[in-house]
Amino acid sequence: MMRQAIRTLRHRKSGFIATFVAVVFGTAIVMACGGLLETGIRSNVEPQRLAGTALVVTGKQSHLRPGEEDATPLPERVGVPVDALAKIRSTEGVSSAIGDYTFPAVGPSVAEGHNWSSASLAPYHLSTGHAPRSGQVVVSSGKPGDRVNLIINGDPKIFTVSGIAPTATGNAFFSDHDAAQLVRNPERFADVGVLVAPGTNLDDVKDRLKAIDSNLTVREGIDRGLAEHPDAESHKTALIAVAGSFGGIATMTMMFVVASTLALAAQHREREFALLRGIGTTPGQVRRMILGEALMVSLPAVAVGVIPGTFLGRFLFDQLSTHGVASSVIEFSQGWIPFAAGAGAAVLAAIGAGLIAARKSAKIRPVEALVEASLQRKWFSWMRLLFGLLFLGGGLALLIVTATVMTGPLAASTAGPSILCWAIGVALLGPFWTKAVLAFWRWPVQALTRVNGRLAIRNLSARSVAMSAAVMPVMLAVGISTANLYMQTTQVHASSEAFTRDLRADAVLVSDAGLSPALLQQVRAVPGVASASAYVRSIGAVDDPRKAPFDEDGAPVIGVDAQGADGTAPVRLTNGSLAGLTGSTVAIPDYMATKTGRGVGSEITMTLGDGTPVKLRVVATFAAERGYETITMPASLVAAHTTDGLTKQILVRAAPGADVRPGLAKLAAAHPTVQVADRSTLVAANAEDLQTQAWVNYMLVGMLIAYTAVSVVNTLVSSTLRRRREFALQRLTGSTRLQVLRMLWTETTLVTLAGVTLGTAVALACLLPFSAKVSTSALPTGPLWIYGVIVAAATILTFGSTLLPATTTLRHAPTQPSYND
């Protein structure tokens, strides 16, 4: 039967090209996602500034809250307590240990400042000059004696170049005394580089260092680079989440497309299988032939798919790092595991589809098979019904959870997977849903098209099972793309509305290099300024034993200055006042106060972004949209526990009728790197993470849309070519080529309408509960042109995949033999 399978492939090339293409692209997509996942898990960052160390000690970048099993990632650099340095040096096997101060120092070719003693950790060597003394600095270019102006903690400072270290690009080294004065928190090193004695077992030294303090992390090898780039650690979780969630959806979509494509190819050959059974072929021989064909198509396709999969994985990683989802310093990794995942999923899909097709074709009696092949009426099976109802039940369960349990942006975690459940459930019961939708559209189409419409509707009624195979890919493309795109637009709009509803600032001063504390007082003195406040953002963890309305990803924290009722803080107070927001105090959302029983005057315990535990007294409560709650604390407290320790924004509120922009612009001109912007800058900054996530989803969903488009084209072209005998009979009975094309035009219109209708219904089943939870309306938010483009693309694909092969077929004489039928 393998010899027969090879002959079948030779003479039915067009029937297997569709499966080959589906497997190639499916393998590439799954392999690319696997590469992203492996990259996130490994998070390999080549050490540079710490390359001369054997081990690097850092703070633990996670915090386990009381009663929780999953640790909360800490977004700010935790650091190592200065008093731990002596303990590290005295550890058996350690020959030397050097603490590293790291702080922003912005200037020509400079981004970071360090203490000179840490230069030996690279190691960096002077090509000229000498080590820095007080008021001096070592940089990578220039010459000794030059004067350089660096922005440190928002203030410009002038230093004299004492020496040049050519390899220390982007770094400036100060004397140890100056570095301790310039760093915001001199009580903590950013990290500690450890050198060990020759012949010492590193694993033993690591164990001894970990025993010093459970809040310390010891890194070796390639992991030392993570100490230089703590943002890479936080990006690791995001990259794994994106790759895992999308990879799962892509894998399920790929398996569904490959299985449906191969099953359709087998379905179109039921007459051939019937004839084989009629001449004495056993069911086992038919099964072996079908499985052999599936393997002979899928295995070469997998080998071809590896090539685009490698390039696609690298392309996706570059795009994710460019847009801030992944860290650009992480090395892209794509080993044999992603290949095995992509190849395995594709081959399993092909084998599974082959087994299903073989089971049906092998068990049916020859006479029944001939009738089934010509009319193709049977579609029902208990297995298909069971899985169809299971997927629909899963979609319904996720809908209920989204509508009743989830809040705000968290609704996406259940609404997203629901779309795939709905789509697969509808596809498995496709003939039923196709008949139901066509029953609705048949009358208006027939009224508009008359004779051609009646003929098309009769064809569809007789071939409803086969037609559902053409409708389902259109439904899948429209449903997945509509749901995912409008989920993003709705969530971004809801987040912006929740923020702007309480935003009271008229202008904002911004600087990536940091704003000087003295600048705030100068802003308040500008004529027309009613209120001004520093504004800092971070993430912390609520350690209150009573459950707070924040998940394991932490609680968003904003820092503002103490202010009265006319202040700029973006909150709607319901109790208390922000006038006392100083020291260890906090303002919390009403919902959190109700749920934890902590009102004004009570205390809550938090762990700030750098791992520092604090007890905070509640001075106010405020209204907040569910799912968009934040915690408000003094700006100085929040800034002191961020990685750079900087205040990068000052909110300004103008007095009624006053124009403060000219005065602010004049003030900003006197301070390098400071710019004046309007409130839209704040809105954009608040939605930056969501915009990034939206862009990523647009890109990834675009890949799925393109892949489902392949399924649409494969299915419709195959279905159209299969009807060549039918077209020939119509022409022999008097129909002209134009009349046949008109009939096909009407049929394609009905297929498009049915696919778009079902796809829209599937998308709404996901979007309606999601929109109701993230915004004030149950209707999704977003431009209508997105839906218009989706429908237009589906229409063009459907008509092109049907009419182009039909036109080519109709060029031949109806009496010409068709050997592939």
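For the structure, check the block above.
### Side note on the overall build of the protein chain
- Scanning the protein chain for helices and strands turns up 25 helices and 25 strands.
- Classification of the 821 residues of the protein chain by burial places 52% in the buried group.
- Looking at the protein chain alone, contacts between residues at least 24 apart form 81% of all its contacts between residues at least 6 apart.
- Surface summary for the protein chain: the accessible area is close to 35200 Å², and the carbon and sulfur share equals 61%.

### Describing a nonpolar patch on the surface
- A cluster of nonpolar side chains, contributed by Met383, Leu386, Phe387 and Leu390, occupies part of the molecular surface with about 410 Å² of accessible area.
- With respect to the helices and strands, the residue Phe387 is situated in helix 12 (residues 382-404).
- We classify Phe387 as partly exposed; its relative accessible area is 38%.

### Re the side chain of Arg49
- Within the element layout of this structure, Arg49 appears in the loop between helix 2 (13-42) and strand 1 (55-59).
- In this structure Arg49 comes out as buried when scored by relative accessible area, which is 4%.
- Side chain to side chain, Arg49 and Asp100 meet in a polar contact 2.6 Å long.
- Once residues within four sequence positions are removed from consideration, Arg49 is found in contact with Asp100, Thr102, Glu112, His114, Leu121, Ala122, Tyr124, Asn171, Asp191 and Glu228.

### Considerations on the sheet that holds strand 14 (residues 191-196)
- One open sheet holds the four strands; their spatial order is 5-14-1-15, and the pairing between them is antiparallel. Each having just a single partner strand, strand 5 (94-100) and strand 15 (216-220) make up the two edges of the open sheet. Here the strands of the sheet are splayed against their neighbours by 25° on average, with no regard to which way each runs.
- Judged from the six bridges that link them, strand 5 and strand 14 form a sheet pairing that is antiparallel. Across the sheet, the residue bridging to Val94 is Val196, located in strand 14.

### Digging into the packing of helix 12 against helix 24 (residues 737-774)
- Two elements in contact, helix 12 and helix 24, have axes whose closest approach is 8 Å; the angle formed by their N-to-C orientations is 15°. Classified by the angle their axes make, helix 12 and helix 24 are roughly parallel. For helix 12 against helix 24, the interelement crossing comes out left-handed. Contact residues: helix 12 offers Leu399, Thr402 and Ala403, while helix 24 offers Ala765, Pro769, Phe770 and Lys773.

### Details of the packing of aromatic side chains
- For the coordinates displayed, the defined rule picks out eight aromatic pairs.
- Considering the side-chain rings of Tyr101 and Phe189, the 4.8 Å spacing of their centres and the 40° angle between planes classify their relative orientation as tilted. One end of the pair, Tyr101, is in the loop between strand 5 and strand 6 (102-107); the other, Phe189, is in strand 13 (residues 188-189), and 88 residues separate them in sequence. A single burial state applies to Tyr101 and to Phe189, both of which are buried.
- Plain terms: the ring middles of Phe432 and Trp433 are 5.0 Å apart, the flat faces sit at 75° to each other, and that makes the pair edge-to-face.

### A closer look at the nonpolar core
- Formed by 91 residues in total, the largest nonpolar core has its most connected members in Val258, Leu320 and Met475.
- The greatest single-element share of this core, amounting to 16 residues, is contributed by helix 16 (residues 464-500).
- Sequence-distant contacts of Met475, defined by excluding residues within four places in its chain, comprise Ala423, Val426, Ala427, Gly755, Leu758, Gly759 and Val762.
- The next biggest cluster of nonpolar side chains, apart from the first, holds 33 residues, and it includes Leu55, Ala84, Val110 and Val139.

Calculation rules
Residues numbered from 1 in each chain as written. Predicted model: local features only at pLDDT ≥ 70, side-chain atom pairs only at ≥ 80, totals over all residues. Heavy atoms only, no water. Helix = DSSP H or I, 4+ residues; strand = E, 2+ residues; numbered from the N terminus. Buried < 20%, exposed > 50% of the residue type's maximum accessible area, 1.4 Å probe, protein only. Contact = heavy atoms within 4.5 Å. Areas by Shrake-Rupley, 256 points an atom, 1.4 Å probe, with all protein chains shown as cover. Patch = residues over 30% accessible without salt bridge, like charges linked within 9 Å, V, L, I, M, F, W, Y side chains within 5 Å. Salt bridge = Lys/Arg side-chain N within 4 Å of Asp/Glu carboxyl O. Polar contact = N/O pair within 3.5 Å; in protein donor to acceptor, adjacent residues only side chain to side chain. Pairing = 2+ DSSP bridges. Axes fitted to C-alpha atoms, helices over the stretch in contact; angles between N-to-C directions. Parallel < 35°, antiparallel > 145°, perpendicular 65-115°, else oblique. Left-handed = near helix turned anticlockwise from the far one by under 90°. Phe/Tyr/Trp six-rings, centres within 6.5 Å; stacked < 30°, edge-to-face > 60°. Core = buried A, V, L, I, M, F, W, Y, C linked by side-chain atoms within 4.5 Å.

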